[in-house]
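Chains, contacts and geometry: an overview
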Amino acid sequence: MSTSNPERGALQHRSALVVGVGGLGCPAALALAEAGVGRLVLADDDRVELSNLHRQILFDASDVGSDKLEAAERALYRLGARPGSIELVRSRLLPENARELVRSVDVVLEGADNFATKFLCADACFLERRAVVHGAAVRWQATVLTVADTGAPCYRCLFEDLPNGDAAPNCAEAGVIGPVVGFAGALMADRALSVLLGEREVFGRIVSYDGKTDRARSVAVGPRATCALCGADRTIDSISYARYTAPSCAA
Amino acid sequence: MATVRIPTPLRTLTGGEDQVQAAGDTVKDVIENLEQNHPGIRERLLDDKGVRRFVNIYVGDEDIRFLDGLATKLKASDEISIVPAIAGG
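Per chain, the residues get numbers from 1 upward, laid out in the order the sequence is written. Chains and ligands are labelled by the order in which they are written, letters from A for the one and numbers from 1 for the other. Residues qualify for local features only when their pLDDT is at least 70, as the model is predicted, and side-chain atom pairs are given and counted only at 80 or more; totals for whole chains, interfaces and linings, by contrast, use all residues.

**Brief notes about the sheet that holds strand E6 (residues 62–63) of chain B**
- One bridge is not enough; two strands pair if DSSP finds at least two bridges between them. Each helix corresponds to a stretch of at least 4 residues labelled H or I by DSSP, and each strand to a stretch of at least 2 residues labelled E; elements are numbered beginning at the N terminus. The strand order E2-E1-E7-E5-E6 (chain B) describes an open sheet built from five strands, whose pairing is mixed. The open sheet terminates on both sides in strands that have one partner only, identified here as strand E2 (19–22) and E6 of chain B.

**Some thoughts on the pairing of strand E1 (residues 15–19) of chain A**
Residues and elements named next belong to chain A.
- Backbone-placed C-beta atoms define the burial measure: a residue is buried with 20 or more other C-beta atoms within 10 Å of its own, exposed with 12 or fewer, and partly exposed in between. In terms of burial, E1 is a largely internal element, four of the five residues being buried.
- Pairing between E1 and strand E2 (residues 39–43): five bridges, direction parallel. Opposite Val19, over in E2, you have Ala43 as the bridge partner.
- For the crossover from E1 across helix H2 (residues 25–35) to E2, the handedness is right-handed.
- With four bridges connecting them, E1 and strand E4 (residues 107–110) associate as parallel partners. Within E4, the position partnered with Leu17 by the bridge is Val108. Classification remark: right-handed applies to a crossover when, strands pointing away from the viewer, the course from the first strand over the helix to the second runs clockwise.

**So, the interface of chain B and chain A**
- Remark: residues whose backbone-derived C-beta atoms lie within 7 Å of one another are considered to be in contact. Contacts between chain B and chain A engage 18 residues on the former and 35 residues on the latter.
- Listed by contribution, the elements that provide at least two residues to the side of chain B that touches chain A are strand E5 (55–59) and strand E7 (79–84) of chain B.
- Note that Gly is not counted as nonpolar here; it falls among the polar residues with everything else outside the nonpolar set of Ala, Val, Leu, Ile, Met, Phe, Trp, Tyr, Cys and Pro and the charged set of Asp, Glu, Lys and Arg. In terms of residue class, the side of chain B that touches chain A is built from ten nonpolar, four polar and four charged.

If you want it as structure tokens, here you go:
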């Protein structure tokens, strides 16, 4: 969606958390900042690597080795973010900080590179009743799922729990195509802006994009009755450290 | 014959092909036919409870979980897409 002047005024009073300032988080943060979001919280703990540059569009060669958050902040202000709108959280989303971080904003954009963080974010957002946009991209394929602040249908309705072994690919194993992840990050920002402006029709839909065939599919997700997070007999009512253990990728 | 779109992680089982043809009246039948021609693919899609939790299967633009699951009927012109959960960016 585009933002007009009245919308920019409304966005001045809204806030967003970007979990992971990588290939998804960079274009998403840029779009939110330029749209005029009043408070943009960036959470990451990495440094910029040469292998990031083809898709992490807030960084250039001079940033290699630098703190990602500081480099992103510099770029966002240079490109037009509202003065004072950027907040930096020098940490990954962790069980000990997840609920507090998501509670502090109106919408969460989850662009994590590992399933553990994805499920942690989904759980924290449900427990704190925050809308969340989940994004992912591996090679030519990308998905974006938008979950309502009311909680259902949620990420666990679709994917239940962390995968075992090689059941699902991640970017370290399969690689990432820069323009595909850029598309997904921009779409995440589009969905987040819709949420911030009160448009609820984006909720409960997953977009799948195949960059090789140019196919984008938007599918309504149904709530799963047996979902452990949002189902009638849900079993997840707190953040338990043991529930989130999986490797991440830094490539 | 239905057209089945194969995601990157499963293309090792299809000789690198990103789409293959498979016969069957239902999604389950098509998966069994795929298994005959591309051994190992069934195990990547199904477990003893049905479709693996980290795989979405679409017929056209519809997720089979919201149709009739593996019993979803197919037309010859249908396109089946296999979309695994992914993490990365």
